Amino acid sequence: MNFRITVLCENSVGPICGTLGEHGFAALIEPSGGEAILFDTGQGLTLLHNARRMNKNLSAVGKVAISHGHFDHTGGLLPYLQEFGPRRVYGHTGIFAPRYRVKDTGECFPIGLSQGRETLENAGATFDLSTAFRELAPGVHLSGEVPRATAFETGDQGLYCDCTGQELDATIDDQSLVLETDKGLVVVLGCCHAGLVNTLEHIAYMTGRRDVYAVIGGTHLAFCSQEQTGKTIQALKEWGIRKIAAGHCTGFAASARLSRELPREFQVALVGYTLEV
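Residues numbered from 1 in each chain as written. Predicted model: local features only at pLDDT ≥ 70, side-chain atom pairs only at ≥ 80, totals over all residues. Heavy atoms only, no water.

A.B. asks: How do you make sense of the sheet that holds strand β5 (residues 87–91) when you look at a structure like this?
C.D. replies: What holds strands together in a sheet is hydrogen bonding between their backbones, with the strands either parallel or antiparallel. The mixed open sheet is built from seven strands, whose spatial order is β8-β5-β4-β3-β2-β1-β17. Here the strands that pair on one side only, and so sit at the sheet edges, are β8 (125–129) and β17 (274–276). Between one strand and the next, the sheet's axes are offset by a mean angle of 20 degrees, whatever the strand orientation. Against the sheet, helix α3 (residues 77–84) makes contact with β3 (36–39), β4 (61–65), β5 and β8, and its axis sits at roughly 160 degrees relative to β5, the strand it touches most. (Pairing = 2+ DSSP bridges. Helix = DSSP H or I, 4+ residues; strand = E, 2+ residues; numbered from the N terminus. Axes fitted to C-alpha atoms, helices over the stretch in contact; angles between N-to-C directions. Contact = heavy atoms within 4.5 Å.)

Here it is, written out as C-alpha cells:
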C-alpha cells in the first residue's frame, strides 16, 4: 500500500506561500486507493485555509480520526463538518473528558474539546469510539489505548481533570495512526502523551512488526525531562527508524537534540511537510 501524508496544521510553517501556523496538529492521509483520512484537525484556525493553499480537497476525506481530546487537535472538527458535511469520527472513549492545564501560580485553563459532543453531533459527527487497536481502512489502523509500560516515560505533570489540581490527567485517550506501507510501518502521532517508546512497543505487540520506517508528528518531549529525552533517543536508534519528522509538542530543545544525535533521520514536520511512501 502506498500513501501520501501531508501536515496541514502545525506550530510552524514551511516554504508554501500563504500557509499559516498555529499551536496544533492535523495531517491528511491519502492512500493510493480508497478514501482519504483526516488525522486530527488543529485548533480550527488554519485547517481549511491551509488545505486550500495546498490544493488539498478535504471533501474527499471519508473518515476523521482524533488522536486525543485536546483543543489543539479537535478544534477544527466543527468548521470541517460545517464546510463538508457529516463524517464518521473515530477516537477513544475518553476524548470528551474534562481537561485543564494548571500552572504553578494556580492559574487554570481548559484544554479539552472546544465544543461539546452534542454540538458536534448536531453538525454531522457520528462518533465511533473505542479503546481497542482497530482497522480504519485497508492498511490503516488506530493504535487504541497505549499501555504505560516504561519506567521513564512519565508524561506531562501539568495536566489535570479539574481546576483544583487534585486529579492528574494521564491522557489515557492518546492514540496514534499506523500505516502499513511497502517500506515498513509509518506511525503518525498526535501528541504521543503515552510516550513514544510505549507507543512503538504497543504497535509492535499488536502488529507483530518492528519494521517502523517513519514517525511523524508530536512527540511531547518538550514537556519531559532530559532523562526521558535521552532514553527515547537511544530507543529510536535501536529501532533503526529511517525518518523521524517531529514537530508540534516536540519543542526546540528536544528537536535540536534529535537533530544532533540523529542527523540523517531527523526532519522538522512543518505545515506542508509531505511524505510519500
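A.B. asks: Would you mind going over helix α5 (residues 196–207) with me for this structure?
C.D. replies: An α-helical segment advances 3.6 residues per turn. Residues three or four places apart therefore align on the same side. Taking 1.5 Å of rise per residue, the 12 residues of α5 would be expected to cover 16 Å, and the 16 Å separating its terminal C-alpha atoms lies within 8% of that figure. Listing the buried residues of α5 in full gives L196, V197, N198, T199, L200, H202, I203 and A204. Here the buried face of α5 lies against β12 (177–181), β13 (184–189), β14 (212–218) and α6 (226–239). Remark: G208 follows α5 within two positions and exhibits a positive phi of approximately 75 degrees. (Expected span 1.5 Å × (residues − 1). Buried < 20%, exposed > 50% of the residue type's maximum accessible area, 1.4 Å probe, protein only.)

A.B. asks: Help me out: how do you make sense of unusual backbone geometry in this one?
C.D. replies: Phi angles above zero are rare outside glycine, and H220 is one such case at about 60 degrees. By secondary structure assignment, the location of H220 is in the loop between β14 and α6. Since its relative accessible area comes to 4%, H220 is described here as buried. For H248, which is not glycine, the phi torsion reads 50 degrees and is therefore positive. For H248, the position within the fold is in the loop between β15 (243–247) and α7 (252–261).

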